[in-house]
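Below are the chains, spelled out letter by letter.
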Amino acid sequence: MEKIIVANWKMNPQSLLEAKELFNSVRNWIKKNSNILQNVRIIICPPFVYLESLSKLLKTKSSRPKVELGAQDLFWEEKGAFTGEVSPKMLKNLGVKYVIVGHSERRQILGETEEMINKKLKAAIKMKIKPILCIGETLKERKKEKIFQILKHQLREGLRNLEPRTYNLKSLIIAYEPVWAIGTGNPCKPGDARKVLLFLRKFTQPLSHSSTQPLILYGGSVNSKIAKDYIEVGFDGLLVGGASLNSNEFIEIIKNVAKH
Ligand code: PEP
């Protein structure tokens, strides 16, 4: 089955030149090695301001390797007086195919609520942009053994009223990202992540009215040494933050996932 690797560049790099360099080095490697990448899809999520330029770079290359663009967020309204926000259609018009929704940094730093996340998911699906819904527990919640309770709550509220009949949940991707593992260099042990994966597979089973289940990714301090461990325990792919800003390291992650 195809594996997905999502690069979340967060608020990096600081110039378009650097963004293009990073994008091109990954993309050129992928182009040269497309024979070993039959089962891997790479989604790069740069800051909004680089999307247009990177989208043009994608269009200029003739043979289309499996790289696609994602955004790190979107707004739920179609248009109007929403200073600073970016609409689903604006993203669609730039060729954006995926969007990260509910990243823990947005939940924690910017106060994004389950209600906002729910609206964003609906807006993305309506625009046929595939949402990557991020969920995960904090360290405090883990210590109190509340992991499943928290994840259930995030899924129930995030997906509220997203009936499979109205919203095509086939396009939904879920990223399990324990908050304590993000950007800390302290990844969740693959065996522990697997327990959560099994819970998520069971919990999301009724979401789909067809046989297709949402894809489930792991994210949180992934590097090239441990990337394959999460694939081995059954995840459909990875969400990579810090390590995606170093092209060599990111390419190593892709190589290791492609071997499985
Ligand atoms: C992320 O940004 O979602 C993430 C997982 O970051 P990192 O890989 O740096 O922990």
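Read on for a plain summary of the structure. (Residues numbered from 1 in each chain as written. Predicted model: local features only at pLDDT ≥ 70, side-chain atom pairs only at ≥ 80, totals over all residues. Heavy atoms only, no water.)

## As for the site of the ligand
In the vicinity of the ligand, 14 residues are found, and the nearest of them are Lys 10, His 103, Glu 177, Gly 183 and Ser 221. Take Asn 8: an N or O atom from its side chain is 3.0 Å from an oxygen atom of the ligand. For the ligand, an oxygen atom lies 2.8 Å from a polar atom in the backbone of Gly 242. Burial of the ligand by the protein chains amounts to 96% of its free accessible area of 290 Å². (Near = heavy atom within 4 Å. Polar contact = N/O pair within 3.5 Å; in protein donor to acceptor, adjacent residues only side chain to side chain. Areas by Shrake-Rupley, 256 points an atom, 1.4 Å probe, with all protein chains shown as cover.)

## Things to note about the packing of aromatic side chains
Under the criterion given, the structure shown has eight aromatic pairs. Relative to Phe 199, the ring of Phe 148 lies with its centre 4.6 Å away and its plane at 40 degrees, an arrangement referred to as tilted. Of this pair, Phe 148 sits in helix H7 (residues 147-158) while Phe 199 sits in helix H8 (residues 190-204), and the two are 51 residues apart along the sequence. Note on Phe 148: relative accessible area 36%, which makes it partly exposed. With a centroid separation of 4.1 Å and 5 degrees between ring planes, the pair formed by Tyr 218 and Tyr 230 is classed as stacked. Separated by 12 residues along the polypeptide, Tyr 218 in strand S7 (residues 215-219) and Tyr 230 in helix H9 (residues 227-232) bring together distant segments of the chain. Of the two residues examined, Tyr 218 and Tyr 230, each falls in the buried class. (Phe/Tyr/Trp six-rings, centres within 6.5 Å; stacked < 30°, edge-to-face > 60°. Helix = DSSP H or I, 4+ residues; strand = E, 2+ residues; numbered from the N terminus. Buried < 20%, exposed > 50% of the residue type's maximum accessible area, 1.4 Å probe, protein only.)

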